Amino acid sequence: MLGLIETFLKQGVLEEGSIIDPVTGSPQGGIVSPLLANIYLNPLDWLLESLGLHSVRYADDIVVLAADAQTANQALGQISERMTGAGLTLHPEKTRIVDMSESDAWFDFLGYRFKRSRRGKLLRLVRPKSKQALRAKLRKPTKRSNARSIEAIVKLINPVLKGWFSYFKQAHPSDLSGMDGWVRMRLRSILRKRRSRPWSRPPPLAQSLL
């Protein structure tokens with residue numbers, strides 16, 4: 001198993017048509033990353049369990065639940081200490097303590113944003129960066145100067161949309177309908193541009209015959 005992990009870590013990374021040899025660590029999104037995260041963070045899971053803290057972890061993303069601010073601060077200190085001992089560091093921007101009993105409080109986890117509404121309801125939303133990533137992926141195949149037919153464009157983007165909506169199906173309906181509306185707007189924009197082209201209009205003789 002150690003030999004297999006070492007082989008994974010020494011493999012080159014294909015980026016923009018060129019193979020880059022990794023200097024240290026594993027590439028972002030690499031298939032070995034979840035395995036390494038589970039190996040390194042298994043002791044952390046046992047530590048949190050021994051402290052009586054509930055946690056949810058997927059690979060190297062983790063949410064720890066504490067009853068009050070004091071317990072949360074103590075847990076953060078112990079987690080930081082354990083990470084340092086393992087040669088790891090906590091992400092400076094993602095690591096923070098949030099009081100979810102406060103209005104408009106939120107935290108991100110696995111592409112979702114969990115937010116407390118002003119009425120006190122806990123909402124499951126799509127993280128803004130997740131929306132931006134989908135839009136960035138769809139902008140090129142849905143640009144107005146696209147030469148493909150609408151049917152071909154829909155066939156191209158449908159697998160992306162099905163995967164995205166399937167993953168975020170637990171999000172608030174307004175987030176999903178908003179993204180659906182954005183995609184439809186892009187497709188309507190293509191149709192409007194094509195209808196406005198001079199060559200797409202029937203000539204005067206054809207109009208009179210019609």
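Calculation criteria
- Residues numbered from 1 in each chain as written.
- Predicted model: local features only at pLDDT ≥ 70, side-chain atom pairs only at ≥ 80, totals over all residues.
- Heavy atoms only, no water.
- Pairing = 2+ DSSP bridges.
- Helix = DSSP H or I, 4+ residues; strand = E, 2+ residues; numbered from the N terminus.
- Axes fitted to C-alpha atoms, helices over the stretch in contact; angles between N-to-C directions.
- Buried < 20%, exposed > 50% of the residue type's maximum accessible area, 1.4 Å probe, protein only.
- Lys, Arg positive; Asp, Glu negative; His and termini not counted.
- Salt bridge = Lys/Arg side-chain N within 4 Å of Asp/Glu carboxyl O.
- Contact = heavy atoms within 4.5 Å.
- Parallel < 35°, antiparallel > 145°, perpendicular 65-115°, else oblique.
- Core = buried A, V, L, I, M, F, W, Y, C linked by side-chain atoms within 4.5 Å.
- Patch = residues over 30% accessible without salt bridge, like charges linked within 9 Å, V, L, I, M, F, W, Y side chains within 5 Å.
- Areas by Shrake-Rupley, 256 points an atom, 1.4 Å probe, with all protein chains shown as cover.
- pLDDT = per-residue confidence, 0-100.
- Expected span 1.5 Å × (residues − 1).
- Bend = angle between axes of the 7 residues up to and from the residue.

Trainee: Explain the sheet that holds strand β5 (residues 106-109) to me, using residue names and the numbers behind them.
Mentor: The strand order across the open sheet formed by three strands is β5-β6-β7, and the pairing between neighbours is antiparallel. Each edge of the open sheet carries a strand with a single partner, namely β5 and β7 (122-126). With direction set aside, neighbouring strand axes in the sheet form an average angle of 25°. Examined bridge by bridge, strand β6 (residues 112-116) and β7 share five bridges and lie antiparallel to one another. Each residue of the ladder has a partner; that of Arg-116, found in β7, is Leu-122.

Trainee: Lay out the side chain of Arg-186 with the relevant residues and their values.
Mentor: Mapped onto the secondary structure, Arg-186 falls in helix α6 (residues 173-195). Buried and without a salt bridge, Arg-186 has Asp-180 as its closest oppositely charged side chain, separated by 13 Å. In this structure, Arg-186 is in contact with Arg-139, Thr-142 and Lys-143, ignoring residues within four places of it in sequence.

Trainee: Any chance you could break down the packing of helix α5 (residues 150-167) against α6 for me, citing the residues and the numbers?
Mentor: At a minimum axis separation of 13 Å, α5 and α6 run at an interaxial angle of 170°. Put simply, α5 runs roughly antiparallel to α6. Between α5 and α6, the contacting residues are Ile-150, Ile-153, Val-154, Ile-157, Leu-161, Trp-164 and Phe-165 on the first element and Leu-176, Met-179, Asp-180, Val-183, Leu-187, Ile-190, Leu-191 and Arg-194 on the second.

Trainee: Which residues make up the nonpolar core, and what values do they have?
Mentor: With 20 residues, the main nonpolar core has Leu-134, Leu-138, Leu-161, Trp-164, Phe-168 and Val-183 as its most contacted residues. When residues of this core are traced back to their parent elements, those giving at least two are β6, α4 (128-139), α5 and α6. No other element matches α6, which puts six residues into this core. With near-sequence residues (within four places) excluded, Phe-168 lies in contact with Gly-111, Tyr-112, Val-126, Ser-130 and Leu-176. Formed by eight residues, the second largest nonpolar core is a distinct cluster that contains Leu-48, Ala-75, Ile-79 and Met-83.

Trainee: Which residues make up a nonpolar patch on the surface, and what are the values?
Mentor: Taken together, the side chains of Met-1, Leu-4, Phe-8, Ile-31, Leu-35, Ile-39 and Tyr-40 define a hydrophobic patch exposed on the protein surface, amounting to about 740 Å² of accessible area. For the nonpolar patch, the secondary-structure elements that each account for two or more residues are α1 (2-10) and α2 (33-50). Residue contributions to the nonpolar patch peak at three residues, all from α2. Topologically, Met-1 is positioned in the segment before α1.

Trainee: Please set out the pairing of strand β3 (residues 54-58) residue by residue, giving values where relevant.
Mentor: In terms of strand pairing, β3 meets strand β4 (residues 61-65) through five bridges, oriented antiparallel. In the sheet register, Val-56 faces β4, and the bridge partner there is Val-63. Count of turn residues in the β3/β4 antiparallel hairpin: two residues, of which Ala-59 carries a positive phi of about 55°.

Trainee: With reference to specific residues and values, describe the confidence of the model for the chain.
Mentor: When the pLDDT values of the chain are averaged, the result is 85; 87% of them are 70 or greater. Every residue in residues 199-210 scores below 50 in pLDDT, and together they form five contacts with partners more than four places removed in sequence or on other chains.

Trainee: Which residues make up α2, and what are the values?
Mentor: Here α2 spans 26 Å end to end across 18 residues, near enough to the 26 Å set by a 1.5 Å rise per residue. Along α2, the sharpest kink reaches roughly 45°, centred on Leu-41 and followed within four residues by the proline Pro-43. Of all the positions in α2, only Ser-33, Leu-36, Ala-37, Leu-41, Leu-44, Leu-47 and Leu-48 are classed as buried. Where α2 is buried, its residues contact α1, β3, β4 and α3 (69-85). Directly beyond the C-terminal end of α2, a positive phi value near 75° is found at Gly-52.

Trainee: Give me the pattern of salt bridges: which residues, what numbers.
Mentor: Tallied over the entire structure, the rule returns five salt bridges. Residue Asp-175 is joined to Lys-131 by a salt bridge in which the shortest nitrogen-to-oxygen separation is 3.0 Å. With a gap of 44 residues between them, Asp-175 in helix α6 and Lys-131 in helix α4 connect regions that are remote in the sequence. Each of the two residues, Asp-175 as well as Lys-131, counts as buried. Residue Asp-180 is joined to Arg-184 by a salt bridge in which the shortest nitrogen-to-oxygen separation is 2.7 Å. Of this pair, Asp-180 and Arg-184 both sit in helix α6, four residues apart, which is roughly one turn of that helix. For Asp-180, a relative accessible area of 31% corresponds to the partly exposed category.

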